[in-house]
Amino acid sequence: MPARRCVAIAATLLAVLGACETDPSGPGAPQLVHLQIRPELQSAVAPTLLNLDQFHVTVRGASGDLLVDTTIGYDADTTTTLGWVLGLDAPSEPLAVRAEVMSLGRLMFQAESTFVVDVAAVGTSEIHTVSLAYAGPGLDVAQLEIQPADSVLTWDDTLRYRATATDTAGAEVTDFVIVWESSDPTVAPIDDEALLTAPTSGRDTVRVFARIPTGVTGSTPVRFLPPPASLIALRGDEDTAAVGQLIPLEVQALGSDGLGVEGVAISFQAPSGATVTDAVVITDTFGTAGTTGTLGTTAGAYPFEANVAGLAPTALRAVAVAGPGAALAFTVQPTTTTTASVISPAVDVTIHDAFGNIATGTSATIALSFSGSPSGADLLGTTSIAAVEGTASFADLRIEQPGFGYRLAADADGLTAAVSDPFDVTQNVEAVTVTPDAVTLDALGNTTQLTATATDGVGNPIPNQPFVWASLAPTIATVNANGLVTAAANGTAGIVASVNGTADTAQVTVAQAIDHVTVTPPT
């Protein structure tokens, strides 16, 4: 049989054609046929995205001899048709066509097809389509997973995605070809390196797709939000709770459009003495983020703060008030006083909560009594008072029995009792009484004993007082340091006993009585 060979002739758009001539050394004339093929890639992604660069075709006759072996540059943007005029030995012959599309020397698509060509078809426009299936890396990929999933991206920000491929057994596949796509590249394009760029405005949602040529696809949504423009307090600012208790703290991040911004990291800070449950909280779909603060044990203001990068702190000033009453305490202690006086300043008893704060909301009735049982003593004045804003003030207490180491006890229903510091009740000399208060001496040189007694303001005697005795008329009567009066001349003398500026006077009259008369000289 004569040997066959082909010479290239023109075809549609991009064409490589071969004209076959009969080798003169063979017998007979060749039967010329026209073979045209057009490759069609079976790909779930646009071929233009796969960096395809070469197209290789071989054609073999019925006897297996190689008729065509051609490699040309491949341009996915251009329709490629290849054609050859072949010299055959018969009016028709089946031709085996093998086609391959390459990328950087790596097989990506391939097909093997058989076409029967007729001599009568020479010069016709019939084009045989060769459907090339994907044959590149990643044929065993069964699932694609995109990370990060369900993202929220701030305006004008970027996010780089990654894809993990697994086979039907769940084993990871590391060699595969992937194409990244955005459902709306006019809003948020994604490049070949999986870098997505957010828009500069709008609250749109797009879907990011990762796809391999076999059609296995992974996708995830991404939403675009403005950066937070303000942070407002929703709960916790000027809210009140008892000391040591939890208080809710909540803020909302708003964009420049006045709507909540999701996915913003809010840091909560507690003041001294207080704590927060969560230091960082991510805002929800409404732009809100919340945690709980634990107030300190001291009543007063607790300035919590919420912070977001780029904005001034938002104050959450919570107020801790005293808890329920738990115990009594003497906040103004009783002081040493005298039997004739009220205890001054007024004795104050305060109701405290479990942490020692004044329980201003408690109005329990507080009763005072002696701690112990001092002999003969009574606690006088108002001894039972309802607390006002947690405090009862006892302003008219008095004790008329002198003594040392008195203590008061404070009691109220349901509260722990309190005992005061010790104090004394002393006596001041309020009166001096001289007895007898009037004496008559009927002879010069006669004496009488006067007695002085000191008493306090309630009439209690005060023993062992250093009285000072004096005569107001010492030429008539004298008195010694012990109150012994001696008549000196006829008349009346006031005899004074004094101590600490308080005195009493007894009247002593000297009136000589005639005891006998003696006449001299005797008659």
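The shown structure was predicted, so the numbers you read here are calculated from the model rather than taken from an experiment.

*Asks:* What exactly am I supposed to notice about the confidence of the model for the protein chain here?
*Replies:* Caution is warranted with low-pLDDT regions, since their predicted coordinates should not be read in detail. Scored by pLDDT, the protein chain comes out at a mean of 90, with 93% of its residues at no less than 70. Throughout residues 1-26 the model reports pLDDT below 50, and contacts reaching past four residues in sequence, or to other chains, amount to 75 contacts.

*Asks:* Is there a simple way to explain unusual backbone geometry in this structure?
*Replies:* Phi is mostly negative for residues that are not glycine, and the peptide bonds are mostly trans. Cis geometry is adopted by the peptide bond preceding Pro-345, which originates at Ser-344 and carries an omega value of 0°. Looking at the secondary structure, you find Pro-345 in the loop between β29 (337-338) and β30 (347-352). The phi dihedral of Asn-51 falls on the positive side, at around 60°, and the residue is not glycine. Tracing the sequence through the fold places Asn-51 in the loop between β3 (31-42) and β4 (54-60). Backbone geometry at Glu-389 places phi at a positive 50°, although glycine is not the residue there.

*Asks:* So what exactly am I meant to see when it comes to the packing of aromatic side chains here?
*Replies:* Aromatic ring pairs are defined here through the distance separating the ring centres and the angle between the ring planes. The full count for this structure, using the stated rule, is five aromatic pairs. Through pairs of rings, three or more aromatic residues link up here, namely Phe-370, Tyr-406 and Phe-423.

*Asks:* Explain the sheet that holds strand β33 (residues 384-386) to me, please; I cannot follow it from the model alone.
*Replies:* Consider a sheet: its strands pair through backbone hydrogen bonds, and that pairing is either parallel or antiparallel. Spatially, β33-β31-β37-β38 is the arrangement adopted by the four strands of the open sheet, whose pairing is antiparallel. Pairing within the sheet leaves two strands with one partner each, and these edge strands are β33 and β38 (418-419). Summarising the sheet, strand β31 (residues 365-370) and strand β37 (residues 408-411) pair through four bridges and their orientation is antiparallel. Directly across from Phe-370, in β37, lies its bridge partner Leu-408.

*Asks:* What is the right way to read the nonpolar core from this model?
*Replies:* Soluble globular proteins: nonpolar side chains tend toward being buried together. If you look at the biggest cluster of nonpolar residues, it comprises 32 residues, and the most contacted ones within it are Ile-37, Phe-55, Leu-86, Phe-109 and Leu-132. Looking at this core, the element that brings in the most residues is strand β8 (residues 106-118), giving five residues. Beyond its immediate stretch of four places on either side in the chain, Leu-132 contacts Pro-39, Glu-40, Leu-41, Gln-42, Phe-55, Ala-99, Glu-100, Val-101, Phe-109, Gln-110 and Ala-111. Ile-366, Ala-392, Leu-408 and Ala-412 belong to the second largest nonpolar core, which has 26 residues in total.

*Asks:* What is the right way to look at the pattern of salt bridges in this model?
*Replies:* Here the idea is simple: oppositely charged side chains can pair when their charged atoms come close. This structure, assessed with the given rule, holds nine salt bridges. Glu-100 is the partner of Arg-98 in a salt bridge, and the nearest nitrogen-oxygen pair spans 3.1 Å. Note that Arg-211 and Glu-181 form a salt bridge whose closest N and O atoms lie 2.7 Å from each other. Residue Arg-211 is located in strand β17 (residues 205-211), and its partner Glu-181 is located in strand β15 (residues 179-182); the two are separated by 30 residues in the primary sequence. One salt-bridge network, held together by shared partners, links Arg-98, Glu-100 and Glu-112.

*Asks:* What is the right way to look at the sheet that holds strand β21 (residues 246-254) in this model?
*Replies:* With antiparallel pairing, the four strands of this open sheet are ordered in space as β19-β21-β25-β23. The open sheet has two free edges, formed respectively by β19 (230-235) and β23 (275-276), since each of these has just one partner strand. Alignment of β19 against β21, held across five bridges, turns out to be antiparallel. Paired with Arg-235 across the bridge in β21 is Glu-250.

*Asks:* Where do I start with the environment of Pro-189 in this structure?
*Replies:* Relative to the assigned elements, Pro-189 resides in the loop between β15 and β16 (195-197). With residues near it in sequence (within four places) discarded, Pro-189 still touches Leu-195, Leu-196 and Thr-197.

*Asks:* Looking at this structure, how should I read the pairing of strand β39 (residues 423-426)?
*Replies:* Side-chain positions along a regular strand alternate between the two faces of the sheet. The two faces of β39 differ: Phe-423 and Val-425 on one face are buried, but Asp-424 and Thr-426 on the other face are not. As paired strands, β29 and β39 are joined by two bridges and run parallel to one another. Across the sheet, residue Thr-338 finds its bridge partner in β39, namely Thr-426. As paired elements, strand β36 (residues 403-406) and β39 share two bridges and run antiparallel to each other. Bridged to Gly-403 within β39 is Val-425.

Reading guide: rules and limits
- Residues numbered from 1 in each chain as written.
- Predicted model: local features only at pLDDT ≥ 70, side-chain atom pairs only at ≥ 80, totals over all residues.
- Heavy atoms only, no water.
- pLDDT = per-residue confidence, 0-100.
- Contact = heavy atoms within 4.5 Å.
- Helix = DSSP H or I, 4+ residues; strand = E, 2+ residues; numbered from the N terminus.
- Phe/Tyr/Trp six-rings, centres within 6.5 Å; stacked < 30°, edge-to-face > 60°.
- Pairing = 2+ DSSP bridges.
- Core = buried A, V, L, I, M, F, W, Y, C linked by side-chain atoms within 4.5 Å.
- Buried < 20%, exposed > 50% of the residue type's maximum accessible area, 1.4 Å probe, protein only.
- Salt bridge = Lys/Arg side-chain N within 4 Å of Asp/Glu carboxyl O.

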